[in-house]
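Close look at the chain arrangement
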Amino acid sequence: MNYFQDKSVLILGAAGSIGSALSRRLSKVVKELIVLDQDETGIFDIYEEIKDKCKTSYVIGSIRDA
């Protein structure tokens, strides 16, 4: 995890089981975390959980959208 220390990281699919677990772990070491998913409730839940651990932004959308 030292590789991610003090970096900005984008997590795609952050509301899913793997994405949310990754977001939780990385929030302890990164400078900034951007979480993206199309599930509004899931993104809200993970955002609320990690927002105090690091600078956190969220995007509700799909990588398929232009």
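Before reading further, recall that the structure is shown in the block above.
Please read all numbers here as calculations on a predicted model, not as lab measurements.

1. Things to note about the packing of helix α1 (residues 17-26) against helix α2 (residues 40-50)
Between α1 and α2, whose axes approach to 10 Å, the crossing angle comes to 15 degrees. On the basis of their axis angle, the class for α1 and α2 is roughly parallel. Crossing of α1 against α2: the hand is right-handed. Each of Ser20, Ser23 and Arg24 in α1 lies in contact with α2, whose residues at this interface are Ile46, Glu49 and Ile50. For the contact of α1 with α2, the per-class residue count stands at two nonpolar, two polar and two charged.

2. Some words on the sheet that holds strand β3 (residues 55-60)
The strand order β1-β2-β3 describes an open sheet built from three strands, whose pairing is parallel. In the strand order of this sheet, the two ends are held by β1 (8-12) and β3, each with one partner. Averaged over all pairs of adjacent strands, the angle between their axes in this sheet comes to 15 degrees, without regard to strand direction. As paired strands, strand β2 (residues 32-37) and β3 are joined by six bridges and run parallel to one another. Note on β3: the bridge partner recorded for glutamate 32 is lysine 55. This element, α2, spans β2 and β3 of the sheet and lies at about 180 degrees to β3.

3. Here's the deal with α2
Among all positions of α2, only Gly42, Ile43, Ile46 and Ile50 are buried. For α2, the angular spread of buried residues about the axis comes to 95 degrees, placing them on one side. For α2, the exposed residues lying more than 90 degrees away from the buried face are Glu40 and Thr41. Buried positions along α2 lie against α1, β2 and β3. Capping the start of α2 is the job of one residue whose side-chain oxygen sits 3.4 Å from the backbone nitrogen of threonine 41: aspartate 39.

4. Thoughts on the packing of aromatic side chains
Evaluated as defined, the whole model comprises two aromatic pairs. Between tyrosine 3 and phenylalanine 4, the aromatic rings sit 5.3 Å apart at their centres with planes inclined by 85 degrees, giving edge-to-face as the arrangement. Judged by its relative accessible area of 29%, phenylalanine 4 is partly exposed. Directly above the aromatic system of tyrosine 3 lies the positively charged group of lysine 7, at a separation of 3.7 Å from the ring centroid.

The rules behind these values
- Residues numbered from 1 in each chain as written.
- Predicted model: local features only at pLDDT ≥ 70, side-chain atom pairs only at ≥ 80, totals over all residues.
- Heavy atoms only, no water.
- Axes fitted to C-alpha atoms, helices over the stretch in contact; angles between N-to-C directions.
- Helix = DSSP H or I, 4+ residues; strand = E, 2+ residues; numbered from the N terminus.
- Parallel < 35°, antiparallel > 145°, perpendicular 65-115°, else oblique.
- Left-handed = near helix turned anticlockwise from the far one by under 90°.
- Contact = heavy atoms within 4.5 Å.
- Nonpolar A, V, L, I, M, F, W, Y, C, P; charged D, E, K, R; others polar.
- Pairing = 2+ DSSP bridges.
- Buried < 20%, exposed > 50% of the residue type's maximum accessible area, 1.4 Å probe, protein only.
- Arc of directions from axis to C-beta.
- Polar contact = N/O pair within 3.5 Å; in protein donor to acceptor, adjacent residues only side chain to side chain.
- Phe/Tyr/Trp six-rings, centres within 6.5 Å; stacked < 30°, edge-to-face > 60°.
- Lys NZ or Arg CZ within 6 Å of the ring centre and 35° of its normal.

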